[in-house]
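Structural overview for review
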Amino acid sequence: MPKKMTLQIDSHEQMSDKIRRLVLKGQTGAGPGQFVQVEVSAAQDPYLHRPISVHSCGPEHLSLLYRVAGRGTAFLAEKKSGETLRLFGPLGNGFTLTRRSSAVVLAGGIGAAPLLALTQWLRQEGKQVFFYFGGKTKDELFLEDEFRHAANEFMITTDDGTAGFQGFVTQAAEPVIAAHDVAVYACGPEPMLREAARLAHTYRRECYVSMEARMACGVGACLGCVVPTGRDGAYKRVCADGPVFTGEEVFPHEG
Ligand code: FES
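Below is a short write-up of the structure. (Residues numbered from 1 in each chain as written. Predicted model: local features only at pLDDT ≥ 70, side-chain atom pairs only at ≥ 80, totals over all residues. Heavy atoms only, no water.)

**Notes on the sheet that holds strand 7 (residues 102-108)**
Put simply, the rule reads: By the convention used here, strands pair only if DSSP detects at least 2 bridges between them. Secondary structure is summarised from DSSP: a helix means a run of H or I of at least four residues, a strand means a run of E of at least two, and numbering begins at the N terminus for each.
In spatial order, the strands read 10-9-8-7-11-12-15; together these seven strands make up an open sheet with mixed pairing. Looking at the sheet topology across the chains shown, the edges are occupied by strand 10 (165-166) and strand 15 (244-246). Bridging between strand 9 (residues 153-158) and strand 10 involves two bridges; their strand directions are parallel. Directly across from Thr157, in strand 10, lies its bridge partner Phe165.

So this is what it looks like as structure tokens:
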């Protein structure tokens, strides 16, 4: 059950120009794929919460990775180690553990944030993980060594060829998806998720995509985060029904 928590900031690091990592001390019960609503300012004006996905989690810590992109996260970026932070969570459904022995994990830009916890969990459960981390350019990549260390196989891709394979993560991963009995997990821009779902459909693989949406309440009440699902276009709430959906749910294929 989600609850209000006040946790102490253990560390708050700048990982790249815009990316920050907050490590909080305490028990939260959060799991891979879930998120928390962080109170970034206690003042009434502005009274700000931001949904931030779980980057890694353990019995005594919670790590959150976020991009500074607006007023709320700019407030958050000012927080220092030793200060406390109020949050509400854990929220959302989290990832499903595949029964297959291997997984392809596709990360696009800041979409990599929830995929470290996923990869660590998959490895703990004895799965082999092929991790593909892509960005438009090498400046969009971060924490490559931690992702490389967590996965069995790791590859970087960039659209412009400034690092790693030149092209999209889905292009780099297709041979592995085609050749191995893998589950596909993805988080990143919507075109990337759509392509991941299409590849999984083509090769008959299970597929889980973590969706991003603008959120207000974070608990399923305001309907501000809905996405169309299924062939009939029914809507689901990213915050309460997701953020993880099967590829078929959000990108259904005909035939
Ligand atoms: Fe309110 Fe999802 S943010 S329903």
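**So, helix 2 (residues 115-124)**
Residues that lie three or four places apart on an α-helix share one face, since the helix turns once every 3.6 residues. The test is simple: Exposure categories follow from relative accessible area, calculated using a 1.4 Å probe and restricted to protein chains: below 20% of the type maximum is buried, above 50% is exposed, and the middle band is partly exposed. Throughout, a contact is declared for two residues whenever any of their heavy atoms are within 4.5 Å.
Among the residues making up helix 2, those that are buried are Leu115, Leu116, Ala117, Leu118, Thr119 and Leu122. Residues of helix 2 that are buried in the fold lie against strand 4 (48-58), strand 7, strand 8 (128-135), helix 3 (144-150) and strand 11 (182-187). Positive backbone phi, at 85°, marks Gly126, one or two positions downstream of helix 2.

**Examining the pattern of salt bridges**
Note that side chains of opposite charge can pair when their charged atoms are close. Condition: Should a side-chain nitrogen of Lys or Arg be within 4 Å of a carboxyl oxygen of Asp or Glu, the pair is scored as a salt bridge.
Under the counting rule described, the total for this entry stands at 13 salt bridges. With a closest N to O distance of 3.0 Å, Glu206 and Arg100 form a salt bridge. Separated by 106 residues along the polypeptide, Glu206 in the loop between helix 5 (190-202) and strand 12 (207-210) and Arg100 in the loop between strand 6 (84-91) and strand 7 bring together distant segments of the chain. Taken as a pair, Glu206 and Arg100 share a single burial class, namely buried. Glu190 is the salt-bridge partner of Arg194, the closest N and O atoms lying 3.2 Å from each other. Placement of the pair is Arg194 and Glu190 together in helix 5, with a separation of four residues, close to one helical turn. Under the relative-accessibility criterion, Arg194 is labelled partly exposed at 44%.

**A closer look at the environment of Lys138**
Relative to the helices and strands, Lys138 resides in the loop between strand 8 and helix 3. Sequence spacing of Lys138 and Ser81 is 57 residues, and the spatial spacing of their C-alpha atoms is 29 Å. Other than its neighbours up to four places away in sequence, Lys138 contacts Thr158, Thr162 and Ala163.

**A few points about the sheet that holds strand 6**
Using the following cut-off: Every axis corresponds to a line fitted to the C-alpha atoms, with the helix fit spanning only the stretch in contact, and the corresponding angles, defined between N-to-C directions, vary from 0 to 180 degrees.
What the six strands build is a closed barrel, ordered 1-2-5-4-3-6; its pairing is antiparallel. Each strand axis lies, on average, 45° off the axis of its neighbour in the sheet, ignoring direction. Where strand 1 (residues 3-14) and strand 2 (residues 19-25) come together, six bridges link them in antiparallel fashion. Looking across to strand 2, one finds that Gln14 is bridged to Arg20.

**Some remarks on the packing of helix 4 (residues 169-179) against helix 5**
Heads up, the condition is: Roughly parallel covers angles under 35 degrees, roughly antiparallel covers those over 145, roughly perpendicular covers 65 to 115, and oblique covers all other angles. Take the far helix as the reference: if the near one is turned anticlockwise from it by less than a right angle, the crossing is left-handed, and if turned clockwise, right-handed. Think of it as three bins: nonpolar holds Ala, Val, Leu, Ile, Met, Phe, Trp, Tyr, Cys and Pro, charged holds Asp, Glu, Lys and Arg, and polar takes everything else, Gly as well.
The geometry of helix 4 relative to helix 5 is characterised by a closest axis approach of 11 Å and an angle of 15° between their N-to-C directions. Here helix 5 runs roughly parallel to helix 4, going by the angle between their axes. Considering only the axes of helix 4 and helix 5, their crossing is right-handed. Across from Val169, Thr170, Glu174 and Ile177 in helix 4, the residues of helix 5 making contact are Met192, Glu195, Ala196 and Leu199. For the contact of helix 4 with helix 5, the per-class residue count stands at five nonpolar, one polar and two charged.

**Points about the packing of aromatic side chains**
Let me state the cut-off plainly: Two rings from Phe, Tyr or Trp (for Trp, the six-membered ring) form a pair when their centres are within 6.5 Å of each other. A pair whose planes differ by under 30 degrees is stacked, one over 60 is edge-to-face, and the rest are tilted.
For the structure on display, the rule yields seven aromatic pairs. Centre to centre, the rings of Phe142 and Phe147 are 6.4 Å apart; their planes meet at 65°, and the pair counts as edge-to-face. Of the two residues, Phe142 and Phe147, both sit in the buried class. Aromatic ring contacts, followed pair by pair, group Phe131, Phe133, Phe142, Phe147 and Phe154 into a single cluster.

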